[in-house]
Amino acid sequence: MNQEVIIVRGNHTLTGDVSVAGAKNSALKLMAAALLGQGATTLHNVPLISDIEIMSEVLERLGAAVTRDGHTLTIDTSAVDSCETPYELVSKMRASISVLGPLIGRFGEARVAMPGGCQIGARKIDMHLVGLEALGVAFDVDHGVLQATTPHGMRGAHVYLEFPSVGATENMLMASVTAEGHTAIENAACEPEIEDLANMLNAMGAKVSGAGTSLIEIEGVALDALHPCEHTCVGDRIEAGTFLVGGALTGGPVTVHGIDPAFLRMAIMKLRAMGCEVECGPDWVRVSRSEPLRSVDIQTLPHPGFPTDLQAQFMLLAALADDVSVITENVFENRFMFAAELMRMGADVTLDDHHAIVRGVSELEGAPVSSTDLRAGAALVLAGIVADGETSVHHLEHIDRGYEDYAGKLASLGADIRRVPADAVVG
Ligand code: UD1
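By convention here, each chain's residues receive numbers from 1 onward along its written sequence. Per-residue local features are limited, in this predicted model, to residues with pLDDT of at least 70; the limit for side-chain atom pairs, both in listing and counting, is 80 or more; totals at the level of whole chains, interfaces and linings are taken over all residues. By convention in this description, side-chain values take in all heavy atoms of the structure and omit both hydrogens and water.

Peer 1: Let's hear about the pattern of salt bridges: which residues, and what values?
Peer 2: The rule for a salt bridge is simple: a side-chain nitrogen of Lys or Arg has to be within 4 Å of a carboxyl oxygen of Asp or Glu. Applying the stated rule across the entire model yields 16 salt bridges. Residues Arg 111 and Glu 84 are paired through a salt bridge, measuring 3.0 Å at the closest nitrogen-oxygen approach. With Arg 111 in strand β7 (residues 109–113) and Glu 84 in strand β6 (residues 84–85), the pair connects residues that are 27 residues apart, well separated along the chain. Any residue under 20% of the maximum accessible area for its type is buried, any over 50% is exposed, and the rest in between are partly exposed; the area is computed with a 1.4 Å probe on protein chains only. The exposure class assigned to Glu 84 is partly exposed, which follows from its relative accessible area of 32%. To qualify as a helix, a DSSP run of H or I must reach at least 4 residues; to qualify as a strand, a run of E must reach at least 2; elements of each kind are numbered from the N terminus.

Here it is, written out as structure tokens:
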């Protein structure tokens with residue numbers, strides 16, 4: 001448990017340039033995919049965050065050797081001899097279940113602890129299982145452990161996902177690369193991180209086409225046709241969006257580097273609708289604002305819709321806008337815990353099922369607040385930067401899961417921010 005707190009003094013403007021790290025949600029799956037390479041795979045642009053450490057531990061428990069040199073990870077999976085990921089790791093990070101697909105693809109079997117519920121909703125894995133069953137995988141749950149076997153081998157299949165689940169698409173993709181024959185995943189998730197994963201699998205010798213669209217097709221190859229590779233992780237669009245919100249809140253200009261603006265099309269549209277000026281280059285986006293923030297309605301949807309992982313940050317913008325905004329959360333059923341913390345800082349938010357009605361106020365007040373999840377934590381720190389007075393943000397373990405040196409990057413943009421031991425502010 002992280003024993004530090006972020007202290008931020010308000011009424012500051014963020015200006016300047018910041019670079020984003022590689023995408024957490026990509027790097028985690030690329031690391032899992034390295035299992036299929038049966039040798040030493042090198043991944044560049046891997047963020048220095050705690051979720052990556054947990055995934056390294058997951059792979060090490062399976063028998064892999066993971067070494068890090070700055071943002072480069074080498075994952076040698078030649079000695080992997082276990083198919084088991086225990087609850088102790090899955091409970092720390094739900095994304096541990098992304099080893100399910102590659103373990104099945106490599107060994108034809110896997111044992112992964114069932115993930116429990118999670119703070120942002122029930123987060124079931126039924127679609128992962130339906131997709132894998134269509135490939136010939138049989139499942140059994142024994143004392144909380146999901147056991148996967150392939151009694152008759154794996155054969156390609158045509159699967160139509162009920163919802164474009166990111167995790168289900170990825171697990172199915174990673175298992176199907178070694179299934180015999182042709183697999184089609186319809187209504188597949190289209191997130192840029194899935195395209196990144198498919199690019200890496202193809203560099204390993206797999207035959208995947210259509211990733212990034214809702215129809216992904218895979219021609220199975222023999223396991224020994226797959227080999228390790230060297231791959232660079234795409235930039236983190238959610239980290240980029242978070243800093244853009246920081247610029248939009250305070251006026252900027254803030255220029256975010258290391259990101260393809262196409263990944264952020266919907267967020268950029270909403271920033272413009274809220275009165276911001278946004279310019280884009282090949283791998284950067286700049287935001288500034290000279291007019292008051294305008295209210296806007298937002299609904300989260302699978303990519304290319306508005307990302308649920310930017311919902312809290314945009315709720316903060318809406319909280320300081322000139323009128324009423326309605327924010328609708330369609331991806332996770334319980335992702336408004338952030339609203340309660342923001343209300344403690346003076347925001348006016350009414351929750352009605354999966355809608356948040358946000359009435360803009362003229363200013364927020366600094367207060368002690370708690371990160372309830374990763375993105376909420378990041379948004380609360382931004383709230384502290386514009387609030388009146390001092391804000392202390394607790395439970396940084398959530399922020400550290402996904403943001404590399406968040407406080408340091410915000411300080412470089414002009415925030416008055418520091419991390420201090422929790423006992424320096426509590427008690
Ligand atoms: C991934 C991202 C997360 C992001 C989310 C949606 C990682 C590590 N995490 O999570 O940051 O917010 O995509 O963009 O990449 N569902 C089911 N059954 C299933 C699978 C999903 O009901 O078998 C539901 C979930 O409960 C949720 C919705 O579908 O309500 C979306 O989940 P999914 O797209 O699978 O998200 P994750 O892969 O968990």
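And the narrative resumes.
Peer 1: Describe the site of the ligand, naming the residues involved and giving the relevant values.
Peer 2: It suffices for a single heavy atom of a residue to lie within 4 Å of a molecule or strand for the residue to be listed as near it. The ligand sits among 20 residues. The nearest are Asp 126, Met 127, Ser 165, Asp 309 and Val 331. Throughout this description, a polar contact denotes any pair of N or O atoms lying within 3.5 Å of each other; where both atoms belong to protein, one of them has to be capable of donating a hydrogen while the other can accept it, and for residues adjacent in sequence the pair is counted only when both atoms sit in side chains. Contact between the ligand and Asn 25: an oxygen atom at 3.0 Å from a side-chain N or O atom of the residue. Between the ligand and Asp 126 there is a distance of 2.6 Å, counted from a nitrogen atom to a side-chain nitrogen or oxygen. Burial of the ligand by the protein chains amounts to 86% of its free accessible area of 740 Å². Among the elements of the structure, α1 (24–33), α5 (126–134) and α6 (166–176) are those that each provide at least two residues to the shell around the ligand. Tallying contributions element by element places α5 first for the shell around the ligand, with three residues. By the convention adopted, Pro, Cys, Tyr, Trp, Phe, Met, Ile, Leu, Val and Ala count as nonpolar, Lys, Arg, Asp and Glu as charged, and the other residues, Gly among them, as polar. Residues belonging to the shell around the ligand are distributed by class as follows: seven nonpolar, five polar and eight charged. Three or more residues apiece are contributed to the shell around the ligand by two domains, here domain 1 (4–20 + 235–424) and domain 2 (24–232). All accessible-area figures derive from a Shrake-Rupley calculation using a 1.4 Å probe, and residue coverage is judged against the displayed protein chains alone. Each domain span listed reflects an automatic or database assignment of domains.

Peer 1: Give a detailed account of the domain arrangement of the chain, specifying residues and quantitative values.
Peer 2: By domain assignment, the chain separates into domain 1 (4–20 + 235–424) and domain 2 (24–232). Once you take the C-alpha centre of each, domain 1 and domain 2 turn out to be 31 Å apart. We call two residues in contact when some of their heavy atoms are within 4.5 Å. With 22 residues of domain 1 at the contact, the number on the domain 2 side is 20 residues. Buried surface area refers to the total accessible area, computed with a probe of radius 1.4 Å, that the two partners give up upon joining, counted for both partners together. Both sides of the domain 1 and domain 2 interface together cover about 1,800 Å² of buried area, and 50% of this is carbon and sulfur. Counting every contact that joins domain 1 to domain 2 gives two salt bridges. In this structure, Glu 193 and Arg 237 form a salt bridge, with 2.8 Å as the shortest nitrogen-oxygen distance. Breaking the side of domain 1 that touches domain 2 down by element, the ones donating at least two residues are α12 (374–386) and α13 (397–402). Looking at which element gives the most residues to the side of domain 1 that touches domain 2, the answer is α13, with four residues.

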